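Each chain, letter by letter, is given below.
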Amino acid sequence: MNFHVLTLFPEMILQGMNTSITGRAIAKGLLSIEAVNIRDFAFNKHQKVDDYPYGGGAGMLMQAEPVYLAYESIAERIGKKPRVVFLTPQGKVFHQSMAREMAQEEDLVFLCGHYEGIDERVLEEIVTDYVSIGDYVLTGGELPAMVMMDSISRMVPGVLNNQESGETESFAGNLLEYPQYSRPEEWHGKKVPDVLLSGHHANIEKWRREQSILRTAKWRPDLLKSADLTNKEWNEVRQWKKQGKEEADQKDKEEI
Ligand code: 6GU
């Protein structure tokens, strides 16, 4: 997987990506990362890349030409028109399924905006995907690009040591991951659940599955709606909900 990032802050991208698991994958040659400085394509005296918006309004815009030339330098070098992701709060919200799908590409370009945005005309010409990482506003596209590259990377074969864990963690089947414990057996008076010490693998699997479903029901009920549960499991969820409600009612009574 070759990532190419169009940015005004190349060092931010390189520092971030050369660390930890993505750094190791770059060293192994499974990933490559290139940060192209858009400012290098501003052919004016002060290497200026921004200007005022026509029609007025707050802030400055990134101009079309330097962005276009920076993009073209990549397209020419790799000899094809790659997919270009523009990071914007107006885009489609990033999701694990998008990471999985984008991991199939050979080359991906990320376009990071700054100031109040980028001249619409260059976006129309080069952008193939408009992506947001959630409903909040950031100062630029670099962090969202790194978020996307991190999650896409771990879907690339060989990047994770244990290839299994790419899909068995949170969001596999729309369920959150179960809780995990390591030594010591007791810490701050809290004991590791007995079942995990039992060595009974079927029971451990059953417990973990139940914990995943419980967690999802409690913390991300929105995910649970599209989760892959058996009829028996759906009935259990209904039962828990009923119990929870009764317990809450009981607590209300005690408080009165
Ligand atoms: Cl992709 N970009 C910016 N600037 N802000 C965001 C975002 C992206 N996603 C959420 N907020």
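What you see is a predicted model, and the numbers here were worked out from it, not measured in a lab.

### Brief notes about the overall build of the protein chain
No. 1: When helices and strands are counted, the protein chain shows 11 helices and nine strands.
No. 2: For 256 residues, the compact-globule estimate of 2.2 N^0.38 gives 18 Å, and the C-alpha radius of gyration of the protein chain, at 24 Å, exceeds that figure by more than 25%.
No. 3: Considered along the principal axes of its C-alpha atoms, the protein chain spans approximately 70 × 50 × 40 Å.
No. 4: Looking at the protein chain as a whole, 40% of its 256 residues qualify as buried.
No. 5: Contacts spanning at least 24 positions in sequence make up 72% of the contacts within the protein chain whose residues lie at least 6 apart.
No. 6: Per element, the accessible surface of the protein chain, about 15900 Å² overall, is 51% carbon and sulfur.
No. 7: A gap of 6 Å separates the mean positions of the 30 positive and 40 negative side-chain charges of the protein chain.

### Some points on the packing of helix α9 (residues 201-219) against helix α11 (residues 231-255)
Geometrically, a packed helix pair is captured by the angle between its two axes and the distance between the axes.
No. 1: Relative to each other, α9 and α11 sit at 55°, their axes nearing to 11 Å. Between α9 and α11, the crossing angle belongs to the class labelled oblique. Read as a crossing pair, α9 and α11 show a hand that is right-handed. On α11, the residues touching R209, E210, I213 and L214 of α9 are E233, V237 and W240.
No. 2: Looking at the contact of α9 with α11 residue by residue, the classes come out as four nonpolar, no polar and three charged.

### Some details on the layout of surface pockets
No. 1: Considered as a void within the structure, the largest pocket measures approximately 530 Å³ in volume.
No. 2: Along the wall of the largest pocket there are 25 residues; nearest its centre are F86, L87, T88, P89 and G117.
No. 3: When residues in the lining of the largest pocket are grouped by element, the largest group, five residues, is from strand β5 (residues 83-93).
No. 4: Within the lining of the largest pocket, the residues separate by chemical class into 13 nonpolar, 10 polar and two charged.

What counts and how
- Residues numbered from 1 in each chain as written.
- Predicted model: local features only at pLDDT ≥ 70, side-chain atom pairs only at ≥ 80, totals over all residues.
- Heavy atoms only, no water.
- Helix = DSSP H or I, 4+ residues; strand = E, 2+ residues; numbered from the N terminus.
- Rg over C-alpha atoms; globule rule 2.2 N^0.38 Å.
- Buried < 20%, exposed > 50% of the residue type's maximum accessible area, 1.4 Å probe, protein only.
- Contact = heavy atoms within 4.5 Å.
- Areas by Shrake-Rupley, 256 points an atom, 1.4 Å probe, with all protein chains shown as cover.
- Lys, Arg positive; Asp, Glu negative; His and termini not counted.
- Charge placed at Lys NZ, Arg CZ, Asp CG, Glu CD.
- Axes fitted to C-alpha atoms, helices over the stretch in contact; angles between N-to-C directions.
- Parallel < 35°, antiparallel > 145°, perpendicular 65-115°, else oblique.
- Left-handed = near helix turned anticlockwise from the far one by under 90°.
- Nonpolar A, V, L, I, M, F, W, Y, C, P; charged D, E, K, R; others polar.
- 1 Å grid on protein atoms, 1.4 Å probe; cavity = no way out; pocket = protein on both sides within 12 Å on 5 of 7 lines; lining within 4 Å.
- Points joined across faces, edges and corners; volume = space filled by probe spheres on them.

Nothing here speaks to function; it is geometry throughout.
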